[in-house]
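# Structure at a glance
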Amino acid sequence: GAVVSQHPSWVICKSGTSVKIECRSLDFQATTMFWYRQFPKQSLMLMATSNEGSKATYEQGVEKDKFLINHASLTLSTLTVTSAHPEDSSFYICSASWDRATEAFFGQGTRLTVV
Amino acid sequence: GESVGLHLPTLSVQEGDNSIINCAYSNSASDYFIWYKQESGKGPQFIIDIRSNMDKRQGQRVTVLLNKTVKHLSLQIAATQPGDSAVYFCAENMRDTGRRALTFGSGTRLQVQP
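In this convention, every chain numbers its residues from 1, walking through the sequence in written order. Chains and ligands are labelled by the order in which they are written, letters from A for the one and numbers from 1 for the other. Owing to the predicted nature of the model, reporting of local features is limited to residues with pLDDT of at least 70; listing and counting of side-chain atom pairs is limited to 80 or more, with chain, interface and lining totals taken over all residues. Hydrogens and water are ignored here; the side-chain numbers use all heavy atoms of the structure.

## Thoughts on the pairing of strand β4 (residues 45-51) of chain B
All names here are of chain B. Pairing between strands is defined by DSSP: at least two bridges between the two strands are required. Helix and strand assignments follow DSSP, with helices taken as H or I runs no shorter than four residues and strands as E runs no shorter than two, numbered in order from the N terminus. In this structure, strand β3 (residues 32-38) lies alongside β4, joined through six bridges in antiparallel fashion. Pairing of Y32 across the sheet is with R51, part of β4. With antiparallel pairing between neighbouring strands as the criterion, β3 and β4 make up a hairpin whose turn holds six residues, including G41 at a positive phi of roughly 75 degrees.

## As for the side chain of T78(A)
Residue and element names in this part refer to chain A. Structurally, T78 can be placed in strand β8 (residues 76-81). Each residue gets one of three labels from its accessible area relative to the maximum for its type: buried under 20%, exposed over 50%, partly exposed in between, using a 1.4 Å probe on protein chains only. By relative accessible area, which is 11% here, T78 ends up buried. Residue contacts follow a heavy-atom distance rule, with two residues in contact if any of their heavy atoms lie within 4.5 Å. Ignoring any residue separated from it by four or fewer positions in sequence, one finds T78 in contact with K20, I21, E22, W35, L68, I69 and N70.

## Here we look at the interface of chain B and chain A
Across the boundary between the two partners, chain B contributes 21 residues, which contact 23 residues of chain A. Buried area counts how much accessible surface, traced with a 1.4 Å probe, disappears from two parts once they are put together, with both parts' losses summed. Both faces combined, the contact of chain B with chain A buries some 1,700 Å², and carbon together with sulfur accounts for 50% of it. Basic side-chain nitrogens of Lys or Arg form a salt bridge, by our definition, when they fall within 4 Å of a carboxyl oxygen of Asp or Glu. Between the two partners, chain B and chain A, sit zero salt bridges. Pairs of N or O atoms within 3.5 Å make up the polar contacts considered here, provided that, within protein, one atom can donate a hydrogen while the other can accept it, and that residues adjacent in sequence are counted only when both atoms are side-chain atoms. Our count for the chain B to chain A interface comes out at four residue pairs in polar contact (both at pLDDT 80 or more). Elements supplying a minimum of two residues to the side of chain B that touches chain A: β3 and β9 (99-104) of chain B. Only Asp, Glu, Lys and Arg are considered charged, only Ala, Val, Leu, Ile, Met, Phe, Trp, Tyr, Cys and Pro nonpolar, and every remaining residue, Gly among them, polar. Here the residues of the side of chain B that touches chain A are counted per class, giving 10 nonpolar, six polar and five charged.

Dropping the structure here:
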């Protein structure tokens, strides 16, 4: 199957700083990437959908100015958590797909801890 | 006790037994369903999928059943092994309408006792 890689796997940052998470499709061109957030013992919640070269579409309740998404190329999307606070601590997961794909492929996730 | 939303239903089975994990979905317009396995600290791993024009699909050791009348999905795992221990999520989307983002169910933890 297609491979999606996230970096970093985990990150600890101080409250008030910004953190960037990368999502790369390694062996295919991802026209669409999805960002999810998962709190402990809970399910994945979609944050936003990004299409290469256009602005991301955010789900209701997700602050677009806080969670900046850039999908500037067909193999890379980034999620920047700006002015992070402890309540932003979570597991962030991306998935990537192309137009005729029957499924989306998930990265391994990034554990963010804000202290 | 635990707060709502912080407790995953748990299914505990003996190694070698068959497991059945259930999922109720909410959107009658969904036309594509996937089961994922998630191990601790990792991203979801695709197990099997099914389209809404089918009611059963089989893979290696796994079977997915879809009942659109009651909006119910199940995953059957034959001869469950310790390596099957994980959290299992069903997911749905409306692929034919272009919305390919997935909506995930709440998840079930499968514990396989050796």
